[in-house]
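Read off the chains here:
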Amino acid sequence: MLATASIVTEKKIITEKEKVIAISHLYKSFGDNKVLVDFNLSLYAGENVVVLGKSGSGKSVLIKCIIGLLEPDNGTIEVFGKNIPDLGHDALDEMRVKVGFLFQSNALYDSMTVRENLEFPLRRHTIKMAQKETDRLVKDALDDVGLAHTIDMMPAELSGGMRKRIALARTLILKPAIILYDEPTTGLDPITGKEIIDLMIEIQKKYNSASLIISHDMNCVRMASDRVIMLIDGKCYAGGTYDELKKLTDPKIKEFFE
Amino acid sequence: MVQTRPWRQFLDEAGDISRFTGRFFSQWFRPRYEVAEFFRQCFIIGYKSLPLVGLTGFIMGLVLTMQLRPSLVSYGVESQLPAMVGIAIVREIGPVIAALIFAGKIGSSIGAELGSMKVTEQIDAMEVSGTNPFKYLVVTRVLASTLMLPILVILADAVSLYGAYLGVNIRGVTSFDLFWQQIFDNLSFGDVVPAFVKSYFFGFAVGIVGCYKGYNSRKGTEGVGRSANSAVVLSSILIFMIDLIAVQITDLLHLN
């Protein structure tokens with residue numbers, strides 16, 4: 001029953017789209033704590049997939065393995081056909097230009113202004129860029145999130161929602177083909193959370209990027225997902241659309257939807 | 001078993017700091033060179049520490065002179081006060097006090113800054129942005145503190161000697177020229193150079209310990225405070241240990 005729901009949704013997409021992330025048989029543990037056990041996942045171009053799981057279920061570990069911040073114990077993580085654990089430092093940097101990451105805590109640099117925060121990935125990833133071009137990209141990214149007026153402000157002067165938007169602008173500035181969101185609505189009130197979700201959907205439509213969203217916020221899952229993967233006991237427990245999963249009677253799945 | 005646990009923790013930490021130091025040496029020569037960030041850190045670590053190091057140096061020179069005077073008067077060698085104070089400041093008091101003040105100000109600020117960057121994922125964000133955070137954050141700060149402390153020590157020594165001049169003249173009268181002549185007549189190569197050289201090691205210890213504690217900070221905001229605190233404690237202990245080793249080496253080389 002669970003497998004059928006997952007396969008139907010995925011087959012529809014396979015016929016249309018290129019696979020941008022393919023994770024197979026992924027294992028990760030910290031000491032005796034087995035966090036990911038034979039985890040599998042696929043993400044297709046232009047698709048929004050939400051990985052749903054309880055706190056401490058290994059969602060953030062998964063996303064950090066994808067971006068190369070953590071090394072898996074076993075298994076493969078192919079991004080655009082290249083296995084992340086096999087990549088050297090330079091190849092990994094090159095890959096990270098195509099993969100944006102929105103951190104749960106926003107991770108804005110406290111000692112830099114909004115402008116400097118946005119310029120940082122541009123200056124580090126690209127060898128040389130004219131100041132005029134840098135200014136244009138910064139302005140475009142801030143316009144995308146509706147916060148052009150904050151350009152010379154410090155992160156400490158911004159509200160939680162504004163900081164999230166600026167972090168999103170920083171993620172977008174390199175125009176990544178894949179965006180990884182780590183708990184994008186955590187710590188935000190429901191209204192601001194909804195605004196962020198709307199913004200994510202808008203950005204996905206504008207840039208046709210693929211998104212992998214880690215969340216336990218059911219509003220985020222319902223609004224932002226084309227497909228949902230349930231991460232339970234370190235495994236891909238079930239997969240399908242929000243409506244397909246909502247109909248299932250398995251108690252471990254049901255408790256998320258009640 | 002319970003008795004051995006602190007020793008094991010101590011040895012584990014010593015091993016971790018050694019590995020961290022090894023990583024610093026393996027990375028500081030490799031491109032990409034973070035020149036702009038290095039000069040920014042020199043400004044923050046060196047220039048911004050100047051008022052504090054200068055003020056404490058001045059007070060230390062003044063107080064030391066006033067404390068020494070009664071003893072020298074009782075032995076009838078009051079005229080040797082500038083020479084004694086000069087040697088004490090240049091050889092020991094200046095470098096050690098400046099290094100301890102430096103550890104309190106810079107060691108704690110590096111520990112807290114990197115610790116807060118660690119717990120708010122800013123270090124991870126840097127890595128994702130195509131930056132080697134170890135080179136950008138650690139190598140620049142350790143180099144800046146290693147190179148800035150000796151300069152601060154020279155300045156602290158100078159300011160401290162001016163404090164000593166004031167101290168000499170509170171209860172007595174010694175001309176400015178005579179005061180400095182007595183100091184320089186009694187200072188030798190073996191007094192100045194070892195003190196200057198050990199300042200580099202003090203600066204390196206403060207930088208590497210502050211960075212290690214901050215970079216490995218855990219347990220959220222509580223961990224940030226703990227990193228800052230333990231950076232000061234550990235670097236202060238290391239300053240005294242380096243001082244102890246330095247005096248043995250200068251003694252062996254007959255520089256005393």
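Whatever comes next refers back to the structure up there.
Residues numbered from 1 in each chain as written. Chains lettered and ligands numbered in written order. Predicted model: local features only at pLDDT ≥ 70, side-chain atom pairs only at ≥ 80, totals over all residues. Heavy atoms only, no water.

A. Structural view of helix 1 (residues 5-27) of chain B. Residue and element names in this part refer to chain B. Look at helix 1: 33 Å from first C-alpha to last across 23 residues, which is about the 33 Å you get at 1.5 Å a residue. The complete set of buried residues in helix 1 reads I17, F20, T21, F24 and Q27. In this fold, the buried residues of helix 1 make contact with helix 6 (133-171), helix 8 (189-215) and helix 9 (220-252). (Helix = DSSP H or I, 4+ residues; strand = E, 2+ residues; numbered from the N terminus. Expected span 1.5 Å × (residues − 1). Buried < 20%, exposed > 50% of the residue type's maximum accessible area, 1.4 Å probe, protein only. Contact = heavy atoms within 4.5 Å.)

B. Local environment of the side chain of S199 of chain B. Examined against the element boundaries, S199 of chain B turns out to sit in helix 8. Owing to a relative accessible area of 0%, S199 of chain B belongs among the buried residues under this scheme.

C. Region of interest: the interface of chain A and chain B. Across the contact, 21 residues belong to chain A and 15 residues belong to chain B. Each partner contributes to the roughly 1700 Å² buried at the junction of chain A and chain B, and carbon and sulfur atoms together form 47% of this total. Between chain A and chain B we count three salt bridges in total. The residue D124 of chain B makes a salt bridge to K64 of chain A at a minimum N-O spacing of 3.7 Å. (Buried area = accessible area lost by both parts, 1.4 Å probe. Salt bridge = Lys/Arg side-chain N within 4 Å of Asp/Glu carboxyl O.)

D. Spotlight on the packing of aromatic side chains. Summed over the entire model, instances satisfying the criterion amount to 24 aromatic pairs over all chains. Taking the centre distance of 5.3 Å and the plane angle of 65 degrees together, the rings of Y162 of chain B and W180 of chain B count as edge-to-face. With Y162 of chain B in helix 6 and W180 of chain B in helix 7 (residues 176-186), the pair connects residues that are 18 residues apart, well separated along the chain. Of the residues examined, Y162 of chain B reaches a relative accessible area of 43% and is grouped as partly exposed. Grouped by ring-pair contacts, the aromatic residues Y162, Y165, F176, F179, W180 and F184 of chain B constitute a single cluster. When the ring centre of Y109 of chain A is taken as origin, the NZ or CZ atom of R170 of chain A, which lies over that ring, is 4.8 Å away. (Phe/Tyr/Trp six-rings, centres within 6.5 Å; stacked < 30°, edge-to-face > 60°. Lys NZ or Arg CZ within 6 Å of the ring centre and 35° of its normal.)

E. Expanded view of a nonpolar patch on the surface. Together, F43, Y47, L50, I151 and L155 of chain B give the surface a local cluster of nonpolar side chains, amounting to about 480 Å² of exposed area. Residue placement: L50 of chain B occurs in helix 3 (residues 50-75). (Patch = residues over 30% accessible without salt bridge, like charges linked within 9 Å, V, L, I, M, F, W, Y side chains within 5 Å. Areas by Shrake-Rupley, 256 points an atom, 1.4 Å probe, with all protein chains shown as cover.)

F. The arrangement of the pattern of salt bridges in detail. For the coordinates displayed, the defined rule picks out 27 salt bridges over all chains. For E183 of chain A, the salt bridge is made with K59 of chain A, and the minimal N-O distance between the two is 3.5 Å. Here E183 of chain A, found in the loop between strand 7 (178-182) and helix 7 (190-207), pairs with K59 of chain A, found in helix 2 (residues 59-66); they are 124 residues apart in sequence, far enough to count as distant. Owing to a relative accessible area of 6%, E183 of chain A belongs among the buried residues under this scheme. Under the relative-accessibility criterion, K59 of chain A is labelled buried at 3%. One salt bridge in this structure joins R69 of chain B and E78 of chain B, with 2.4 Å as the shortest N-O distance. Overlapping salt bridges bring together E37, R40, E113 and R141 of chain B as one network.

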